[in-house]
Amino acid sequence: MTTTSAVISVRGLGKSFGKLEVLKGIDLDLMPGEVMGVIGPSGSGKSTLIRCLNMMEVPTAGEVRFQGRPVTHKFRGRGGAIGTGELRRKVGMVFQHFNLFPHLTVLGNITAGPTKVLAEPRAEAEAHAMDLLGQVGLADKAKAYPAHLSGGQKQRVAIARSLAMRPEVLLLDEVTSALDPELVGEVLAVIRRLADTGMTMVLVTHEMGFAADVASRVLFMEGGRIAEEGSAEQILRNPTSERLRSFLSRFHS
Amino acid sequence: MTYHWDFYTVMQSFDLLLWGVWITFLYTVGSILIGVVVGALSCWARLSRFWWLRLISRTYQELFRCTPLLVQILWAYYALPMLLGISISNTTAGLLTLSLYVGSFYAEIFRGGILAVDKGQREASAAIGMSGVQSMRYIIMPQAIKNMLPAFINQSVIQLKNTSLLYAISIAELTYMTSVVTSETYRPLEAYSLAAVLYFAMLFPLTQVADHFERRMRRSD
Ligand SMILES: Nc1ncnc2c1ncn2[C@@H]1O[C@H](COP(=O)(O)OP(=O)(O)O)[C@@H](O)[C@H]1O
Ligand SMILES: [Mg+2]
């Protein structure tokens with residue numbers, strides 16, 4: 001049975017797009033405060049897996065539980081199940097391409113969720129947003145529009161936007177992959193600080209050095225399965241299988 | 001050939017032309033307002049996941065977009081009453097036809113504007129717990145409206161010009177009133193020239209607004 005203390009637990013998770021079976025029976029438990037790194041070749045199902053955790057993709061087999069409650073793909077949950085509305089308030093997601101709202105200022109982007117979804121008073125939401133902007137080093141950009149920010153700044157705003165919902169888990173899908181190399185560091189620094197504060201995270205990444213640094217556990221995905229799983233030390237520094245070793249060798253520069 | 005322009009005679013009936021302007025304005029605004037509602041409904045139906053809603057909406061759109069407006073107006077005024085066995089006033093027939101006609105174009109403008117919003121926007125709003133309605137209202141629509149504004153204004157400009165076809169069912173809009181003035185003064189050249197100037201005066205500001213939005217949109221991309 002599922003470990004009751006897991007924030008998210010996944011059993012027998014499968015996902016097919018038509019005939020294409022992308023996830024083939026995934027089991028995992030995400031513990032509070034844990035940073036789970038997910039690595040693997042392109043097309044191995046990393047994004048699909050992480051998107052199943054907040055029901056951006058609806059699984060075609062198996063189940064996802066959040067704090068022991070089964071997750072449904074309906075907005076409102078019934079009979080003990082948790083709906084996507086509540087789930088996504090508690091499980092934040094940061095995208096590779098930021099997806100900031102271009103018609104809103106940085107401050108508007110961050111307060112949209114708290115004011116519209118959580119019905120927080122505007123003043124309170126803005127104070128919290130300013131605090132978060134300070135944490136990601138962008139307090140001076142509150143009034144700017146996304147179009148005037150660099151990629152690294154956009155991604156830091158996107159992280160602040162997720163944090164504004166005070167999530168219990170943060171899902172990050174290759175959040176530095178769309179950035180110019182010189183902007184990657186500023187975003188990783190923010191994630192690193194989040195990890196230090198004990199934020200529970202699932203981190204799909206190609207930054208192997210970074211994963212080795214912040215992840216408490218690493219999954220290596222291949223062909224829709226978890227091919228290997230273990231501590232960051234084990235997976236990234238002492239890979240045993242040939243497949244994993246050859247995958248990692250591509251990132252050693 | 002020398003023609004003696006005589007605007008004086010026509011100007012004495014200028015109040016009739018102004019009345020025509022007023023009626024033209026009323027039919028334009030009225031049909032645009034109803035058209036927006038009809039267009040929004042039809043757009044919503046086209047984006048629905050129910051095939052029969054999409055089919056109904058599609059049929060309505062193609063019917064109105066692929067037949068001439070003049071034929072529609074005449075049909076609504078002369079044929080529809082016979083078909084239904086009731087009498088329909090020219091006001092009702094005219095307003096209804098104009099509204100449905102423009103609605104069929106608005107629907108596609110609205111749909112294009114919504115589909116042009118990056119799908120990452122819906123995902124990002126869903127990811128912070130917004131419902132479909134919230135996402136539509138706070139995130140998708142504000143961006144979609146900006147996308148569709150130039151096309152919407154252009155279609156509305158055409159709509160004002162289309163009200164002149166109401167002439168065919170004797171509605172007292174500007175073109176009809178011009179014909180009235182012509183038959184009173186025997187001065188068609190002056191009367192229709194004046195009518196053209198009045199149409200131009202109503203529409204030129206609108207096209208400038210459309211251009212302004214189009215330029216601003218291109219700059220923000
Ligand atoms: N919406 C979709 N429709 C069809 N196929 C998809 C969809 N999303 C992902 N896939 C396919 O699923 C496979 C895994 O994709 P993904 O989870 O994005 O892998 P990764 O993130 O590891 O690169 C790929 O073959 C991809 O083409
Ligand atoms: Mg991916």
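Figured I'd write up the structure that's included with this text. (Residues numbered from 1 in each chain as written. Chains lettered and ligands numbered in written order. Predicted model: local features only at pLDDT ≥ 70, side-chain atom pairs only at ≥ 80, totals over all residues. Heavy atoms only, no water.)

Okay, the interface of chain A and chain B next. Between chain A and chain B, the residue contacts involve 21 residues of the former and 17 residues of the latter. The largest share of the area that chain A buries against chain B comes from Phe101(A), His103(A) and Lys116(A), three residues that together contribute 32% of it. The interface formed by chain A and chain B includes one salt bridge. Residue Glu123(B) pairs with Arg51(A) through a salt bridge whose shortest N-O separation is 2.7 Å. Connecting chain A to chain B are six residue pairs in polar contact (both at pLDDT 80 or more). Put simply, the parts of the chain that give the side of chain A that touches chain B at least two residues each are helix 2 (84-90), strand 6 (91-94) and helix 3 (106-117) of chain A. The element contributing the most residues to the side of chain A that touches chain B is helix 3 of chain A, with four residues. (Contact = heavy atoms within 4.5 Å. Buried area = accessible area lost by both parts, 1.4 Å probe. Salt bridge = Lys/Arg side-chain N within 4 Å of Asp/Glu carboxyl O. Polar contact = N/O pair within 3.5 Å; in protein donor to acceptor, adjacent residues only side chain to side chain. Helix = DSSP H or I, 4+ residues; strand = E, 2+ residues; numbered from the N terminus.)

Together, Trp19(B), Trp22(B), Phe25(B), Leu26(B), Val29(B), Leu33(B) and Ile34(B) make up a nonpolar patch on the protein surface, roughly 670 Å² of accessible area in all. As for its placement among the helices and strands, Phe25(B) is situated in helix 2 (residues 14-46). (Patch = residues over 30% accessible without salt bridge, like charges linked within 9 Å, V, L, I, M, F, W, Y side chains within 5 Å. Areas by Shrake-Rupley, 256 points an atom, 1.4 Å probe, with all protein chains shown as cover.)

Residue and element names in this part refer to chain A. Evaluation of the coordinates by the stated rule reveals 21 salt bridges over all chains. Across the pair Arg69 and Glu86 runs a salt bridge, and its minimum N-O distance is 3.0 Å. One end of the pair, Arg69, is in strand 5 (residues 69-70); the other, Glu86, is in helix 2, and 17 residues separate them in sequence. Here Asp213 makes a salt bridge to Arg192, at a shortest N to O gap of 3.5 Å. One end of the pair, Asp213, is in helix 7 (residues 208-214); the other, Arg192, is in helix 6 (residues 181-196), and 21 residues separate them in sequence. Looking at Arg192, the relative accessible area reads 30%, which means it is partly exposed. Put simply, Glu34, Arg217 and Glu229 are held in one network by salt bridges that share partners. (Buried < 20%, exposed > 50% of the residue type's maximum accessible area, 1.4 Å probe, protein only.)

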